[in-house]
Amino acid sequence: QWRRGESGGDVVQAGRSRRRACSVSGRSVEQYARGWFRQAPGKEREAVSCIGAKAATSDSPYYKDSIKGRFTISRDNANNTVYLQMNSLPPEDSAVYSCPGGPRPATELCILGGGYWGKGTLVNVSS
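Not measured: the values here are computed from a predicted model.

Draft legend 1. Up close: the state of the cysteines. A full pass over the atoms with the stated rule returns two disulfides. Paired through a disulfide, Cys-22 and Cys-99 show a sulfur-sulfur distance of 1.8 Å. When the S-S torsion is 55°, as for the bridge of Cys-22 with Cys-99, the disulfide is right-handed. Note that Cys-22 is positioned in strand 3 (residues 18–25) and Cys-99 in the loop between strand 9 (95–98) and strand 10 (101–102), a separation of 77 residues in sequence. The buried category is assigned to Cys-99, whose relative accessible area is 0%. At a sulfur-sulfur separation of 2.1 Å, the disulfide partner of Cys-50 is Cys-110. Here Cys-50 and Cys-110 share a disulfide; its torsion about the S-S bond, 100°, makes the bridge right-handed.

Draft legend 2. Focus on the environment of Ala-53. Relative to the elements of secondary structure, Ala-53 occurs in the loop between strand 5 (46–51) and strand 6 (62–63). With relative accessibility at 17%, the residue Ala-53 sits in the buried group. Note: C-alpha distance between Ala-53 and Pro-105 (52 residues apart in sequence) is 7.4 Å. With residues near it in sequence (within four places) discarded, Ala-53 still touches Glu-30, Gln-31, Tyr-32, Ala-33, Arg-75 and Asn-77.

Draft legend 3. Here's a closer look at the pairing of strand 8 (residues 81–86). In terms of burial, strand 8 is largely enclosed, as five of its six residues are buried. Where strand 3 and strand 8 come together, six bridges link them in antiparallel fashion. By the bridge assignment, Cys-22 is partnered in strand 8 with Val-82.

Cut-offs used in this document
Residues numbered from 1 in each chain as written. Predicted model: local features only at pLDDT ≥ 70, side-chain atom pairs only at ≥ 80, totals over all residues. Heavy atoms only, no water. Disulfide = S-S within 2.5 Å. Helix = DSSP H or I, 4+ residues; strand = E, 2+ residues; numbered from the N terminus. Buried < 20%, exposed > 50% of the residue type's maximum accessible area, 1.4 Å probe, protein only. Contact = heavy atoms within 4.5 Å. Pairing = 2+ DSSP bridges.

Listed below in structure tokens is the structure:
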């Protein structure tokens with residue numbers, strides 16, 4: 001069964017940084033793309049970043065244009081964990097962040113969605 005161990009929700013001051021982690025237990029997902037999506041109150045869910053199935057891959061990560069240069073996605077396949085480094089956070093980045101995965105290329109996961117989902121955790125950027 002798809003189960004995830006996510007970083008706890010937190011409150012962060014604007015301009016600060018956070019690193020989120022999402023782990024999957026019970027199965028190997030090294031052949032799965034992994035990603036981060038987010039949904040703010042009253043807004044649609046949107047893709048933030050997705051990364052390909054293997055650590056050394058020609059499947060380039062996908063980044064939402066508005067966070068390019070500030071966020072970095074990475075993964076540790078040995079621990080079935082995907083990370084999202086978030087820098088210079090503005091209040092507009094406040095959302096519930098979730099970490100789906102699926103057997104598809106990174107760009108397809110971010111554009112088309114699908115895969116396996118969980119409840120997500122809140123990141124609240126306060127000014």
